[in-house]
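Letter by letter, the chains look like this.
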Amino acid sequence: MSLRPALFFQGSHLALLRCASLLVPRRQREEWWKEWQSEVWHVRQARTPEHGVWWSVSWQGEQEVAAFCLGAFQDALCLRQQHRPKAVPLATTMGSAMQCVLFLIGLIAVSYGLGLLLPGVQRELQSSPYRDTKNLMLIQDAQNTDDAIPSISTEQFGAWKSQRQKLFDGFAFYRVEREAVSWPSHLPMTLTVAHGSSNLFDLLGLDARFANPEDRSRGLLQIILSDEVWKNRFGQDPHIAGAVVRDGLREAMVIGVAPSGVWRLPGKVDAWVLEPETEAPPVGLGFVVAHLKPSAEHDRWGERWRMSSLTPHSGAQDFLCVSLAERTHRSWGIFLFTIFLACLSLPATTSLPLGEYRVHSHRLPWSTRLRRWAFLGCKLALLLPVVYFVSLDLAYLRVTFSPVSSDYIQMVVSFSICLFGLRWMLRDQRQRCPVCLGKLTHPARVGEPSRNFLGWNGMELICVGGHGLLHVPEIQTSWFGTQRWLYLDPSWDVLFTESGLASVVDYG
Amino acid sequence: MTVEMKLSHTAAMILQAVNAGYVYGFSVMEMTGLPSGTVYPAMRRLERDELIRSSWEQQSIADAEQRPPRKYYKLTKAGKATLEASRKRYPLLAKLISSEEVKPA
């Protein structure tokens, strides 16, 4: 048995047609296949006449038939395009999806811009100024409930520093006091001064502006001014480094200015006096910062953990170690926590479903359905920055707010805005046309409340694009639980569409 | 309100060919010299816009001639009006495909 070349080509051409038919929508495929099969038969008859010899092939004719079959792909694509559901343009009327998105973007811009004017917000938005923040731990007495109150004695600090340590490889101590500081050509001023160990800034990894290494070797106490004091009290003098001021009864040399917003430890400080241990008073309470030796095991402990340590009086005491990473990202933690709370509370304020849709009678294209969900996601994505920035703006609106007050304000504001924002987002979505995402208008009351058990009463809204009607029940019943969307069929188009205009049609 | 449809030269040529009696795709191709990838999609669009309509040949006729049945195209009333307008727009159209060459369907 031998294969006739003509049969081989015929089979190849039909295979080409079969491939092209896969591009045709399923409903039209059968008729399309029938037409092309018939046409190819006639083309073959016209182009490849029988020669009577089984091995004879008209190469030119076969080429022409193949070229004819390749045209089927263009036809199939054309048919596919014709029967593709048309994408409905987004509504451009008042309250359109675009306007909603632009409004939210505007809110983000305003709240962020306001935040840039507030020093507290600026500080929160900046990254941590410390070196190796994760391993820098603030150590407090475990019984101490307020981390703004000093709880570590200088004796305890001395004991830790003098003993060989397994956990930490560096300690620094500071205590905060109000003191009079005088300068030759200025009136004495009372400042909040942090008396710290000489390695305090080095351990934190902070650099002071205008610092000159030679100033450190002159044998005097060293003082670093805060940016605020330098600007307000010293008139932004660029030659401040090297000046000698009197701190109480002692003289200290200004060795630099700390950049704004770098101090994230307890206490609002105007200046830092770095003292050698020999100059530090033997008694008193303060704060201790320690650097944890980096290790995989320590990473697993997290940002807050307890430790037990011997005290100078031979007793054991519990201490709480809090990573500075937790302190520097506290506002972010509060924000995430309030989102979680708001999500839990949301079902109590509004129903979560977006309404009933009669999908069986009117199948929306997947792109339209996806667009609707994308809009909801977009609103959520834009709402969260608004919540974050507005809550920060209000929490740090005044510089006099204590850190604890700011935390509480941020928590309350963030939770409130997030909860009502999510509620608005869902309600807004329910009051939009699922096809063009335009805001539904023309509310009309329908039904009679007195006949609730015989009929139904509620509100009807309409899409000005003519895509449908929304029925919102006044009272939820077992047969009408939630709002219902009714698609309008094309027979209603005449009420909404504009008459066609002259057009040039290119069929080629 | 009537819609004035201005056809491209290719579409007008195909419409003229159908009117001249070339009533199936392959014959339109042969008459106009256009490839199948142009003729068949154009005829689909013309049919969509109701300028032509198609009908299947009776199976008995095809069986008698021992061939598969063909799909024939015919101008609609709107198609004839549009063709008239196109002839004014493209004066050489009637000379390219003369209506005298009408073949029986």
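Residues numbered from 1 in each chain as written. Chains lettered and ligands numbered in written order. Predicted model: local features only at pLDDT ≥ 70, side-chain atom pairs only at ≥ 80, totals over all residues. Heavy atoms only, no water.

1. Describing the overall build of chain A
- In terms of regular secondary structure, chain A is built from 14 helices and 17 strands.
- Counting every position in chain A, which comprises 508 residues, the buried fraction comes to 42%.
- Long-range pairs, those at least 24 residues apart, make up 69% of the contacts in chain A between residues at least 6 apart in sequence.
- Total accessible area on chain A stands at roughly 27800 Å², and carbon and sulfur atoms take up 60% of it. (Helix = DSSP H or I, 4+ residues; strand = E, 2+ residues; numbered from the N terminus. Buried < 20%, exposed > 50% of the residue type's maximum accessible area, 1.4 Å probe, protein only. Contact = heavy atoms within 4.5 Å. Areas by Shrake-Rupley, 256 points an atom, 1.4 Å probe, with all protein chains shown as cover.)

2. A word on the overall build of chain B
- Helices and strands together make up the secondary structure of chain B, namely 6 helices and 3 strands.
- Along chain B, from the amino end to the carboxyl end, the secondary structure elements read β-α-α-α-β-α-β-α-α.
- In chain B, which comprises 105 residues, the proportion classed as buried is 49%.
- When contacts within chain B are restricted to residue pairs at least 6 apart in sequence, long-range pairs at least 24 apart make up 60% of them.

3. Description of the environment of Ala316 of chain A
Residue and element names in this part refer to chain A.
- In this fold, Ala316 is placed in strand β11 (residues 316-323).
- Residue class for Ala316 comes out exposed when judged on its relative accessible area of 63%.
- Setting aside residues up to four positions removed in sequence, Ala316 forms contacts with Ser308, Ser309 and Leu310.

4. With respect to the packing of aromatic side chains
All names here are of chain A.
- Counting across every chain of the model gives 23 aromatic pairs over all chains.
- On the numbers, 4.9 Å between centres and 70 degrees between planes, the contact of Trp160 with Phe319 is edge-to-face. Here Phe319 lies in strand β11 and Trp160 lies in helix α6 (residues 154-162), a separation of 159 residues in the sequence. Across the pair, exposure class does not vary: Trp160 and Phe319 are buried alike.
- Plain terms: the ring middles of Tyr388 and Phe389 are 5.7 Å apart, the flat faces sit at 50 degrees to each other, and that makes the pair tilted.
- Tyr388 gets classed as buried once you look at its relative accessible area, which sits at 10%. (Phe/Tyr/Trp six-rings, centres within 6.5 Å; stacked < 30°, edge-to-face > 60°.)

5. A word on helix α5 (residues 77-89) of chain B
Residues and elements named next belong to chain B.
- For α5, which comprises 13 residues, the first-to-last C-alpha distance of 19 Å matches the rise-based estimate of 18 Å (1.5 Å per residue) to within 8%.
- Looking only at α5, the buried set comprises Gly79, Thr82, Leu83 and Ser86. Viewed along the axis of α5, the buried residues span an arc of 105 degrees, placing them on a single side of the element. Summarising the geometry of α5, the exposed residues directed more than 90 degrees from the buried face are Lys77 and Lys88. (Expected span 1.5 Å × (residues − 1). Arc of directions from axis to C-beta.)

6. What to know about the nonpolar core
- In terms of nonpolar packing, the biggest core is built from 41 residues, with Trp32 and Phe68 of chain A together with Leu15, Val28, Met43 and Ile52 of chain B touching the most fellow members.
- Mapped by element, the contributors of at least two residues to this core are α1 (5-21), α2 (26-47) and α3 (59-82) of chain A together with α1 (9-19), α2 (25-32), α3 (36-48) and β3 (71-75) of chain B.
- Sorting elements by how many residues they give to this core places α1 of chain B first, with 7 residues.
- Sequence-distant contacts of Met43 of chain B, defined by excluding residues within four places in its chain, comprise Ile14, Val18, Gly25, Val28, Ile52 and Tyr73 of chain B.
- Core analysis: the next-biggest nonpolar cluster, separate from the first, contains 29 residues, Ala97, Ala395, Met425 and Leu437 of chain A among them. (Core = buried A, V, L, I, M, F, W, Y, C linked by side-chain atoms within 4.5 Å.)

7. A closer look at a nonpolar patch on the surface
- Taken together, the side chains of Met98, Leu102 and Ile105 of chain A make up a nonpolar region of the molecular surface, amounting to roughly 300 Å² of accessible area.
- Along the polypeptide, Met98 of chain A turns up in helix α4 (residues 97-117). (Patch = residues over 30% accessible without salt bridge, like charges linked within 9 Å, V, L, I, M, F, W, Y side chains within 5 Å. Salt bridge = Lys/Arg side-chain N within 4 Å of Asp/Glu carboxyl O.)

8. Remarks on the packing of α2 of chain A against α3 of chain B
- The geometry of α2 of chain A relative to α3 of chain B is characterised by a closest axis approach of 14 Å and an angle of 140 degrees between their N-to-C directions. Taken together, the axis directions place α2 of chain A and α3 of chain B in an arrangement best described as oblique. You can see that α2 of chain A and α3 of chain B cross each other, and the crossing is right-handed. Residue-level contacts link Trp32, Glu35, Trp36 and Glu39 of chain A of α2 of chain A to Ser36, Tyr40 and Arg44 of chain B of α3 of chain B. (Axes fitted to C-alpha atoms, helices over the stretch in contact; angles between N-to-C directions. Parallel < 35°, antiparallel > 145°, perpendicular 65-115°, else oblique. Left-handed = near helix turned anticlockwise from the far one by under 90°.)

9. A closer look at the confidence of the model for chain A
Residues and elements named next belong to chain A.
- Averaged over all residues, the pLDDT of chain A is 82; the fraction at 70 or higher stands at 88%.
- The weakest mean pLDDT in chain A belongs to strand β17 (residues 503-505) at 42; the strongest belongs to α4 at 93.
- Long-range and interchain partners of residues 498-505, a stretch whose pLDDT sits below 50, account for 13 contacts in this model, where long-range means more than four residues apart. (pLDDT = per-residue confidence, 0-100.)

10. Focus on unusual backbone geometry
Residues and elements named next belong to chain A.
- In this model, Leu437 sits at a positive phi of 65 degrees, which is unusual for a non-glycine residue.
- Inspection of the secondary structure assignment puts Leu437 in the loop between α13 (403-430) and β13 (441-446).
- Notably, His442 is not glycine yet its phi reads approximately 50 degrees, a positive angle.
- Topologically, His442 is positioned in strand β13.
- Of the residues examined, His442 reaches a relative accessible area of 56% and is grouped as exposed.

11. Looking at the pattern of salt bridges
- Summed over the entire model, instances satisfying the criterion amount to 23 salt bridges over all chains.
- Between Glu30 of chain B and Arg47 of chain A there is a salt bridge, with its nearest N and O atoms 2.5 Å apart. Of this pair, Glu30 of chain B sits in helix α2 while Arg47 of chain A sits in helix α2, placing the two residues on different chains.
- By relative accessible area, Glu30 of chain B is classed as partly exposed at 44%.
- Two residues, Asp407 of chain A and Arg330 of chain A, come together in a salt bridge whose shortest N-O distance is 2.8 Å. Residue Asp407 of chain A is found in helix α13, and its partner Arg330 of chain A is found in helix α11 (residues 330-349); the two are separated by 77 residues along the sequence.
- Asp407 of chain A sits in the buried class, given a relative accessible area of 13%.
- Taken together, the shared-partner salt bridges in this structure form one network comprising Glu31, Glu35 and Asp75 of chain A together with Arg44 and Lys71 of chain B.

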